[in-house]
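# Summary of the model geometry
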Amino acid sequence: RRAAQYLEPGIRFKRREYDKLDHHSLLDIRFRDGEMDVPCLVIDEHTGSLFRNLIAFEQTCPQFGDNFTAYIVFLSQLISMPEDVTLLAQREIIVHHLDSDDKLSDLFTMLSKDVVFDFNGNYYLKSLCQTMEAHYQSRINRWMAWLWLNHFRNPWLAVGAFATVIVLVCTIVQTVYGILAYVNPPE
């Protein structure tokens, strides 16, 4: 799925910071609690040829695995449209020095074109993709994200909704006590 589609169930994209205590590589993407941590990817005019060479190396030498190819295929799905690039660039996950977001999305589409990749095989991002898909398919996550985006963005709306819930609970309690007083009148 595209990055813009993952916003619908409330998945948040966050730039993963490099830390001396928590060493990680460019390929180290994490997803937990509805938040995807992605290391920063800097793209310039030479990045396309470097990535093509790395993919070609993995395609011709299968003994070295297919981790980089899986990473590129995953990113090409994630940023298949210019608005996806804009979304990830706003969060500083992608920093590019190309002319436009269109060129970057076209670059990743071209990188994954004609690449032999087994989506049913055991690649290193398979569990992450399955977890994200389960989060995407969850109705509760979609409803919570919809509530948050449409009703709780403004703090005053959140306070009003909280006050409404309190009034509703008090009304229910008052109704229950009224019925109990009618059924068992005080003597």
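End to end, helix α6 (residues 126-137) covers 16 Å across 12 residues, agreeing with the expected 16 Å (1.5 Å per residue, within 8%). Every buried residue of α6 is listed here: L128, M132, H135 and Y136. Down the axis of α6, the smallest arc covering the buried residues is 100 degrees, so these residues share one side.

Strand pairing in a sheet relies on backbone hydrogen bonds, with the paired strands running either antiparallel or parallel. Strands sit in the order β1-β3-β2 across an open sheet of 3 strands; the sheet is mixed. Of all the strands in the sheet, the pair left with one neighbour each is β1 (12-16) and β2 (30-32). Each neighbouring strand pair of the sheet contributes to a mean axis angle of 25 degrees, computed without reference to strand direction. Pairing between β2 and strand β3 (residues 35-39): 3 bridges, direction antiparallel. Residue pairing in the sheet places R32 in a bridge with E35 of β3. Across the sheet, α6 touches β2 and β3, and the angle it forms with β2 is around 35 degrees.

The calculated volume of the largest pocket comes to roughly 340 Å³. Together, 14 residues line the largest pocket, and L7, G10, I11, R12 and W148 are the ones closest to its centre. Elements with a minimum of two residues in the lining of the largest pocket: β1 and α7 (139-151). By residue number, the principal contributor to the lining of the largest pocket is α7, which donates 5 residues.

What follows deals with the nonpolar core. Counting 38 residues, the largest nonpolar core has F13, M36, L78 and F108 as the members making the most contacts within it. Of all elements in the fold, only α1 (3-6), β3, β4 (41-43), α2 (47-60), α3 (67-78), α4 (82-90), α5 (101-112) and α6 reach the threshold of two or more residues within this core. If you tally residues by element for this core, the top one is α3, at 8 residues. Each residue touching M36, except ones within four places of it in the same chain, is listed here: R12, F13, K14, I29, R30, F31, F74, L78, L128 and M132.

Let us look at the pattern of salt bridges. A full pass over the atoms with the stated rule returns 10 salt bridges. The shortest N-O distance in the salt bridge between R1 and E133 comes to 2.8 Å. Residue R1 is found in the segment before α1, and its partner E133 is found in helix α6; the two are separated by 132 residues along the sequence. On the basis of relative accessible area, R1 is assigned to the partly exposed category, the value being 35%. Taking relative accessible area as the criterion, E133 reaches 26% and is therefore assigned partly exposed.

If you trace the backbone, E17 turns up in the loop between β1 and β2. Taking the relative accessible area as the measure of exposure, E17 reaches 51% and is therefore exposed. Put simply, E17 and I93 are 76 residues apart on the chain and 9.8 Å apart in space, counted from C-alpha to C-alpha.

Reading guide: rules and limits
Residues numbered from 1 in each chain as written. Predicted model: local features only at pLDDT ≥ 70, side-chain atom pairs only at ≥ 80, totals over all residues. Heavy atoms only, no water. Helix = DSSP H or I, 4+ residues; strand = E, 2+ residues; numbered from the N terminus. Expected span 1.5 Å × (residues − 1). Buried < 20%, exposed > 50% of the residue type's maximum accessible area, 1.4 Å probe, protein only. Arc of directions from axis to C-beta. Pairing = 2+ DSSP bridges. Axes fitted to C-alpha atoms, helices over the stretch in contact; angles between N-to-C directions. Contact = heavy atoms within 4.5 Å. 1 Å grid on protein atoms, 1.4 Å probe; cavity = no way out; pocket = protein on both sides within 12 Å on 5 of 7 lines; lining within 4 Å. Points joined across faces, edges and corners; volume = space filled by probe spheres on them. Core = buried A, V, L, I, M, F, W, Y, C linked by side-chain atoms within 4.5 Å. Salt bridge = Lys/Arg side-chain N within 4 Å of Asp/Glu carboxyl O.

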